[in-house]
Amino acid sequence: MHLTGKNAIICGGTTGIGFAAAQAFLTAGATVWITGRGEENLQAAAAKLNNPNVRTVVADTSGLAGIAALEQAVKENGAAIHVLLLNSAIVGIQSIAQTTEAEFDAQFNTNVKGHYFTLQKLLPYLADGASVLFTSSASATAATLNTSVYAATKAALNKIAQVAANELAGRKIRVNVVSPGPVATELVLAAPEEVLTHFASSTALQRLGQPEELANAFLFLASDEASFVTGTELLVDGGWTNYAYK
Ligand SMILES: NC(=O)c1ccc[n+]([C@@H]2O[C@H](COP(=O)([O-])OP(=O)(O)OC[C@H]3O[C@@H](n4cnc5c(N)ncnc54)[C@H](OP(=O)(O)O)[C@@H]3O)[C@@H](O)[C@H]2O)c1
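Before going into details, it helps to say that this report is about the structure given with it. Only a predicted model underlies this, so the values are computations on that prediction, with no experimental measurement involved.

**Overview of the pattern of salt bridges**
One side chain can pair with another of opposite charge once the charged atoms of both are near each other.
Part 1 of the reasoning: Applying the stated criterion to the full structure yields three salt bridges.
Part 2 of the reasoning: Residue Asp224 pairs with Lys6 through a salt bridge whose shortest N-O separation is 3.7 Å. Placement of the pair is Asp224 in the loop between helix 8 (211-222) and strand 7 (233-236) and Lys6 in the segment before strand 1 (7-11), with a sequence separation of 218 residues.
Part 3 of the reasoning: Close ionic contact of Arg171 with Asp128 constitutes a salt bridge, the shortest N to O distance being 3.2 Å. Of this pair, Arg171 sits in the loop between helix 5 (148-168) and strand 6 (174-180) while Asp128 sits in strand 5 (residues 126-135), and the two are 43 residues apart along the sequence.

Laid out in structure tokens, this is it:
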């Protein structure tokens, strides 16, 4: 699979799954723009990627100002976008009884509203035949305790992606969702050992996923090999969703 000559934007590409996707897209020959909330993380990621085809843009996508900053950078660059990966998210683990309005808004702003309006604002810059990708979560279809807001943000993304696939089909733009199960990113590895053991044992494959395994799925969906795939959700969860013994 290759992305030679393609331009890709990864919203939330500084760490974890987004960073691994950046590595995969660069290796496949793309020019890759990664975004994040701050210059420091972006420069650290760019140094690790160590590739002349990586670009960085500070864009906090939880608000319209950050989205406008990304739109402006894309406009000034002038190149058409062939792959847009909407990956950034924040996670809050609270019961419904404990969740504050601020926590609710923060997750919906970053995980849903930010991606919705990033897609809207970048529509004019997407090449016909582009691939739009959303990072959702296997949590979207589960009902795990203390994930009411996070899971609802991901369920909302799934529906937005389905409608986008229909609305953008006229331009041959494909829109797909990748839903990870538990993956060994910095975010997850910060959890206590017993939580990590529980996550691993709740998958059929009895382990955490690696960010590169998610990146492979994004690479497939971004590439021409997935030319007849649109409006779908690809679970990359080690069997977590349907595992009978968790
Ligand atoms: N890891 C898992 O087990 C797992 C499971 C299911 C789904 N997912 C999903 O996979 C995606 C990536 O997760 P991860 O585990 O790789 O997490 P991560 O390492 O925390 O990565 C999150 C990325 O999003 C960026 N980001 C966060 N808020 C942002 C904002 N307001 N504006 C711009 N960028 C923002 C972060 O960049 P900065 O910090 O530099 O701003 C970072 O690049 C998320 O959508 C997550 O919900 C992960």
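What follows continues from the structure just given.
**Some thoughts on unusual backbone geometry**
Part 1 of the reasoning: With phi around 70 degrees, Asn146 is a residue other than glycine that occupies positive phi space.
Part 2 of the reasoning: Position of Asn146 among the secondary structure elements: in the loop between strand 5 and helix 5.
Part 3 of the reasoning: Look at Lys172: it is not a glycine, yet its phi comes out positive at around 60 degrees.
Part 4 of the reasoning: A relative accessible area of 62% places Lys172 in the exposed class.

**Quick look at the side chain of Thr31**
Part 1 of the reasoning: Looking at the element boundaries, Thr31 is found in strand 2 (residues 31-36).
Part 2 of the reasoning: In this structure Thr31 touches Lys6, Asn7, Ala8, Asn53 and Arg55, once residues within four positions along its chain are discounted.

**Some details on the pairing of strand 6**
Part 1 of the reasoning: Of all seven residues making up strand 6, seven are buried, and the element is well covered by its neighbours.
Part 2 of the reasoning: Of the two faces of strand 6, the one lined by Arg174, Asn176, Val178 and Pro180 and the one lined by Val175, Val177 and Ser179 are each fully buried.
Part 3 of the reasoning: Note that strand 5 and strand 6 share five bridges and pair parallel. Residue pairing in the sheet places Phe134 in a bridge with Val177 of strand 6.
Part 4 of the reasoning: Regarding topology, helix 5 serves as the crossover connection from strand 5 to the parallel strand 6, and that connection is right-handed.
Part 5 of the reasoning: Two elements, strand 6 and strand 7, share four bridges in a ladder whose sense is parallel. Counted as the bridge partner of Pro180 is Val236 from strand 7.

**Quick notes on the packing of helix 1 (residues 16-27) against helix 2 (residues 39-49)**
Part 1 of the reasoning: Where helix 1 meets helix 2, the axes come as close as 11 Å, and the angle between the chain directions of the two elements is 40 degrees. On the basis of the axis angle, helix 1 is oblique to helix 2. Every pair of crossing elements has a handedness; the one defined by helix 1 and helix 2 is right-handed. Along the contact surface, helix 1 presents Phe19, Ala22, Gln23 and Leu26, while helix 2 presents Ala45, Lys48 and Leu49.

**Notes on helix 8**
Part 1 of the reasoning: For helix 8, built from twelve residues, the straight-helix expectation of 16 Å at 1.5 Å per residue is met to within 8% by its first-to-last C-alpha distance of 16 Å.
Part 2 of the reasoning: When we look at burial in helix 8, the residues that qualify are Pro211, Leu214, Ala215, Ala217, Phe218, Leu219, Leu221 and Ala222.
Part 3 of the reasoning: Summarising the contacts, the buried residues of helix 8 are in contact with helix 1, strand 4 (81-86), strand 5, strand 6 and strand 7.

**A word on the site of the ligand**
Part 1 of the reasoning: In the vicinity of the ligand lie 29 residues, with Thr14, Arg37, Asn87, Tyr150 and Thr185 positioned nearest.
Part 2 of the reasoning: Between the ligand and Arg37, the relevant distance is 2.7 Å, taken from an oxygen atom to a main-chain nitrogen or oxygen of the residue.
Part 3 of the reasoning: Here an oxygen atom of the ligand sits 2.7 Å away from a polar atom, N or O, in the side chain of Thr185.
Part 4 of the reasoning: When isolated, the ligand has an accessible area of 890 Å², and the protein chains bury 93% of it.
Part 5 of the reasoning: Only helix 1, helix 5 and helix 6 (186-189) provide two or more residues apiece to the shell around the ligand.
Part 6 of the reasoning: A per-class count over the shell around the ligand returns nine nonpolar, 17 polar and three charged.

Conventions adopted
- Residues numbered from 1 in each chain as written.
- Predicted model: local features only at pLDDT ≥ 70, side-chain atom pairs only at ≥ 80, totals over all residues.
- Heavy atoms only, no water.
- Salt bridge = Lys/Arg side-chain N within 4 Å of Asp/Glu carboxyl O.
- Helix = DSSP H or I, 4+ residues; strand = E, 2+ residues; numbered from the N terminus.
- Buried < 20%, exposed > 50% of the residue type's maximum accessible area, 1.4 Å probe, protein only.
- Contact = heavy atoms within 4.5 Å.
- Pairing = 2+ DSSP bridges.
- Right-handed = clockwise from strand over helix to strand, strands pointing away.
- Axes fitted to C-alpha atoms, helices over the stretch in contact; angles between N-to-C directions.
- Parallel < 35°, antiparallel > 145°, perpendicular 65-115°, else oblique.
- Left-handed = near helix turned anticlockwise from the far one by under 90°.
- Expected span 1.5 Å × (residues − 1).
- Near = heavy atom within 4 Å.
- Polar contact = N/O pair within 3.5 Å; in protein donor to acceptor, adjacent residues only side chain to side chain.
- Areas by Shrake-Rupley, 256 points an atom, 1.4 Å probe, with all protein chains shown as cover.
- Nonpolar A, V, L, I, M, F, W, Y, C, P; charged D, E, K, R; others polar.

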